[in-house]
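Overview (structure and organization)
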Amino acid sequence: MAFAMEHKGVESTCFADAVTRRRSVRKLKRHASVNQAQIDKIVRIVVNAPSAYNMQSGRLVVLMDDEHEAFWDLAKMTYAQLLPEEKVASFMERLDGFRCGNGTVLFFEDEQTIREMQEKIPANKDSFVDWSHHGSGMLQFAMWTALCADGIAASLQHVNAIEEQFKERYHISPNWKMIAQMPFGAPDEEPVAKTMLDYADVVKFY
Ligand SMILES: Cc1cc2nc3c(=O)[nH]c(=O)nc-3n(C[C@H](O)[C@H](O)[C@H](O)COP(=O)(O)O)c2cc1C
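Residues numbered from 1 in each chain as written. Predicted model: local features only at pLDDT ≥ 70, side-chain atom pairs only at ≥ 80, totals over all residues. Heavy atoms only, no water.

Labelled according to an unreviewed UniProt entry, the protein chain appears under the name Nitroreductase family protein, originating from Alicyclobacillus fastidiosus.

The following block contains the structure:
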């Protein structure tokens, strides 16, 4: 009963809208009304995403405003050195598309938690790394969809080559493995056209 009452305000159409409208928006601009309190409210919802054995190995870092820009500056410096010369200009432009937003959510997985679960439940030892990634995917999808439901555009990125420099700068535990980044803000492009497989080829009912 208490459960039903707590969830009374949630309309399933809001969820359907957010899931179907969510797109990858890679060219961002600043969203005038986005602030830390709003993002914090969203993140507090998102951390309810499930994880195997409720191990909660996901960790998040949220960078707003100047810190968000500094992150993408660091990414630009790192990738300018890593990429072949002919690819640098277009990749820098791509990274600038993220930098022009309001913030970035960084997704990590705590490897210490995973090791502890492997010791606690040896029968599933080989599954915990996979399950950690599944759990991170759940967090990523929840975050992306919740941002969309609040009218905030985002994309999912993997500029993980900057992991070490980033962790040093923010004194992040060496146990936190960087998985992905989600820059967010207002859209400054139309999402690219997307094709979907035929529903009947993807889903079977019996
Ligand atoms: C696991 C996963 C990894 C992805 N990695 C990237 C990425 O590194 N860079 C990027 O721009 N998009 C990335 N994407 C976004 C996909 O390309 C995108 O979701 C897909 O093409 C469908 O488009 P939509 O998000 O607009 O619906 C990733 C998506 C998923 C689910």
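1. Focus on the side chain of T113
In this fold, T113 is placed in helix α6 (residues 111-120). Judged by its relative accessible area of 12%, T113 falls in the buried class. Within the local environment of T113, its side chain forms a polar contact with the side chain of D110, the two groups lying 3.0 Å apart. Every residue in contact with T113, bar those within four places of it in the chain, is listed here: M55, S57 and R59. (Helix = DSSP H or I, 4+ residues; strand = E, 2+ residues; numbered from the N terminus. Buried < 20%, exposed > 50% of the residue type's maximum accessible area, 1.4 Å probe, protein only. Polar contact = N/O pair within 3.5 Å; in protein donor to acceptor, adjacent residues only side chain to side chain. Contact = heavy atoms within 4.5 Å.)

2. Section: helix α8 (residues 163-170)
Residues of α8 that are buried: E163, F166 and K167. Looking straight down α8, one finds its buried side chains confined to an arc of 95°; they lie on one side. For α8, the exposed residues set more than 90 degrees away from the buried face come down to E164 and E168. Against β2 (58-64), α4 (65-82), β3 (103-110) and β5 (176-187) lie the buried residues of α8. Looking one or two residues past α8, H171 carries a phi angle of roughly 50°, positive in sign. (Arc of directions from axis to C-beta.)

3. Thoughts on the site of the ligand
Contacts to the ligand come from R22, R23, S24, R26, R94, W144, L156, Q157, H158 and K194. In the model, an oxygen atom of the ligand is placed 2.8 Å from a nitrogen or oxygen of the R94 side chain. Separating an oxygen atom of the ligand from a side-chain N or O atom of K194 is a distance of 2.5 Å. (Near = heavy atom within 4 Å.)

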